[in-house]
Amino acid sequence: MAQIFLLLSPIFRAWKNGLRAGGRTRWLRRLVLLSLGIGFWFGAYWTIKRVLVYFQAVHDLGPALAYQLLLIILLTFFSMLLFSNLITALSTFFLARDLDLILAAPTPPSAFFYSRLVITMGNSSWMVFLFSLPVFAAYASVFHGGALFYLWVLLVLPLFLVIPAAIGALIVHLMVYLLPARKIRDLFFFIGLFAFVLLYFLFRFARPERLVEPEAFGHFLEFLSAMETPSSFLLPSSWATEIFASALFQKPVELWFFYALLLSYALFLPLATSWVSAAVYLSAWSKTQESRQGRRPWGFLDALLRFVTHPFPEAAKAIMIKDVKSFLRDPSQWSQLFLLAALVVVYLYNFKVLPLERSPIPAASLRIVVSFANLALAGFVLSAVAIRFAFPAVSLEGKAFWILQTAPISLRSLLWGKFWLYLVPLLFFGEILIFLSNLLLRVPSWMMALSLVTVFLMTFGITAIGVGVGALYPKFDYDHVAEIPTSFGGAVCMILSIAFIGVTVMAEAWPIYLMAMEGLGRGSGARGAWVAAPSLAAVIVFTVLAVLLPIRAGLNRLDAMRDEG
């Protein structure tokens, strides 16, 4: 145990020194971040509590609805943790920069493995952990869970985080050991494909459409029984849900049986993975150090990049071409596109199975409401993608950032080049996402046009926040890429992105309501489209501020670093 703490001590010391360092400006930034985090936490708590209060008002069916919602939330958390641990474990165990130093030291295999497992779990799980707290607090408040529920949260949540971390480490060890080094791209392909299939089937295990299809059951009691039954007893998310349900809904379950399942898996999986790691790690790590075979230049890609970047200045063009090629050469970056594809499929599938025609609310009105909510959801998806790709853009320069300072390239050109590089694919992704989802919803043409324009503007702000905050909190000395989005700056970027999305959506709430009412009464909302003009003007102002302020703050920070260096 002492050796594990010794291997983890550089991280703890870096955190401690980071907290001690800095003057009034840095503490002011931390205070602002803490305030934003608390505000976001209470916002999430209030939203979930309102939903649960509404569920509770549905007599007899309320606890069953709340139970299914908790099951889906934990299932989503588990799938996110599993994929995140797969990517992070590969970086932590095999691609980190400090491995040469640590493996050269007289380090026992078990101490090395458990220290790396703790780092993997910490980098992959801290965001899910923080986002789960308002969920549990809202459930405890509405259903009067009391001290017993919070005790179970303290006992269950660490086990729930350990299991996907151990599974991810085990899969990565076996795949790196079995595949030769020249097949490292295939390794990431298999990881991405595995995550795609796993995420899809985990989503299907939850069967969320049962919440709105009571006619599929012959009797109300049969429907209620199905709603109170977990989708699959083979998943740790179902075991955790059963434990929480016993404290929240006084549901008679085999409480200690499910906790014993969680505890046994949380103890056995890391132990079994440590055995596998001791047997295969050195051989697997040696394969990752083999030199790769050279490849002939891809002339078509060079011609395409020159054509696409032709409108930009020469300095920005050089940076953009360099970043695209670096992205394609780094499997840990482009492999995340598989997860993105899986999320898009599941996202669009949600709209396909919505039973809008069976709702007591008029279907035309409900489509507009769902489409409006879709603006916020699409913004959240875009912000998550931006944090994964746009936020690390400056930090990925690494030590080469200081070489750039000797080149005839200004910091302004550097930041704006990265902004335009990530804006184009994010614009394409956001417009396709909102277009296809609204197409499945069959919304009126005015709602389709307003949604496309809003997401177009929103993407500019989200991309600028990602690049600007990434420059404001750069991490050039990262050990592996997965550290960058999960850093302190990543939390700032997420909070600011969500705040920008919230302000944008709220600015359009009232005009969309008026246009929806006019469309219901007269058959078309086009004549009332003028009411959206002030809101669109406000959104444009918010977007301009969201673009200029983060980029300027990031530029000032990089200038200060250059002067200090």
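These figures come from a predicted structure and were not determined experimentally.

Calculation rules
- Counting of residues starts from 1 at the beginning of each chain's written sequence and follows it residue by residue.
- Predicted model: local features are reported for residues with pLDDT of at least 70 only, side-chain atom pairs are reported and counted for 80 or more only, and whole-chain, interface and lining totals are derived from all residues.
- With hydrogens and water excluded, all non-hydrogen atoms of the structure serve as input to the side-chain values.
- Strands are runs of DSSP state E lasting at least two residues, helices are runs of H or I lasting at least four, and both sets are numbered from the N terminus onward.
- Partly exposed residues are those whose accessible area sits between 20% and 50% of the maximum for their type, while under 20% is buried and over 50% is exposed, using a 1.4 Å probe and protein chains only.
- Working rule for contacts: check all heavy atoms of both residues, and any pair within 4.5 Å makes them a contact.
- Note on areas: these come from Shrake-Rupley sampling with a 1.4 Å probe, and a residue is covered only by the protein chains present in the view.
- What a helix should span is 1.5 Å times the count of its residues minus one.
- To define axes, lines are fitted to C-alpha atoms, for helices over the stretch in contact only, and angles between the resulting N-to-C directions are given on a 0 to 180 degree scale.
- Here roughly perpendicular refers to angles of 65 to 115 degrees, roughly parallel to angles under 35, roughly antiparallel to angles over 145, and oblique to all remaining angles.
- Each crossing gets its hand from how the near helix is turned against the far one by less than a right angle, where anticlockwise is left-handed and clockwise is right-handed.
- Throughout, the ten residues Ala, Val, Leu, Ile, Met, Phe, Trp, Tyr, Cys and Pro are labelled nonpolar, Asp, Glu, Lys and Arg are labelled charged, and all others, Gly among them, are labelled polar.
- Any pair of N or O atoms that falls within 3.5 Å is considered a polar contact. Within protein, one atom must be able to donate a hydrogen and the other to accept it, and sequence-neighbouring residues count only if both atoms are side-chain atoms.

Summing up its helical and strand segments, the protein chain has 20 helices and 0 strands in all. Taken across its 565 residues, the protein chain has 49% of its residues classed as buried. At a minimum sequence separation of 6, the contacts of the protein chain that also span at least 24 residues come to 81%. Of the roughly 27,600 Å² of accessible surface on the protein chain, 71% is carried by carbon and sulfur atoms.

Glancing now at helix 18 (residues 445-472). Helix length check: helix 18 (28 residues) gives 40 Å between terminal C-alpha atoms against 40 Å at 1.5 Å per residue, within 8%. Taken across its 28 residues, helix 18 has 23 buried, putting it largely inside the fold.

Right, let's talk about the packing of helix 5 (residues 109-143) against helix 10 (residues 255-288) for a bit. At a minimum axis separation of 10 Å, helix 5 and helix 10 run at an interaxial angle of 120 degrees. One finds that helix 5 runs oblique with respect to helix 10. Along this stretch, helix 5 crosses helix 10, giving a crossing that reads as right-handed. When helix 5 is examined against helix 10, the residues Pro109, Phe112, Phe113, Tyr114 and Leu117 are found in contact with a partner set consisting of Pro270, Leu271, Thr273, Ser274, Ser277, Ala278 and Tyr281. A per-class count over the contact of helix 5 with helix 10 returns 9 nonpolar, 3 polar and no charged.

This brings us to the side chain of Ser124. Its location among the elements puts Ser124 in helix 5. Residue Ser124 is classed as buried on the basis of its relative accessible area, which comes to 7%. In terms of polar contacts, Ser124 uses its side chain to reach the side chain of Asn85, at 3.5 Å. Beyond its immediate sequence surroundings of up to four residues, Ser124 is in contact with Leu81, Ser84, Asn85 and Thr88.

Before going further, it helps to spend a moment on helix 12 (residues 314-329). In an α-helix, one turn spans 3.6 residues, which is why side chains three or four residues apart end up on the same side. With 16 residues, helix 12 extends 23 Å from end C-alpha to end C-alpha; this agrees with the ideal 22 Å at 1.5 Å per step. For helix 12, the set of buried residues is Ala316, Lys317, Ile319, Met320, Ile321 and Asp323.

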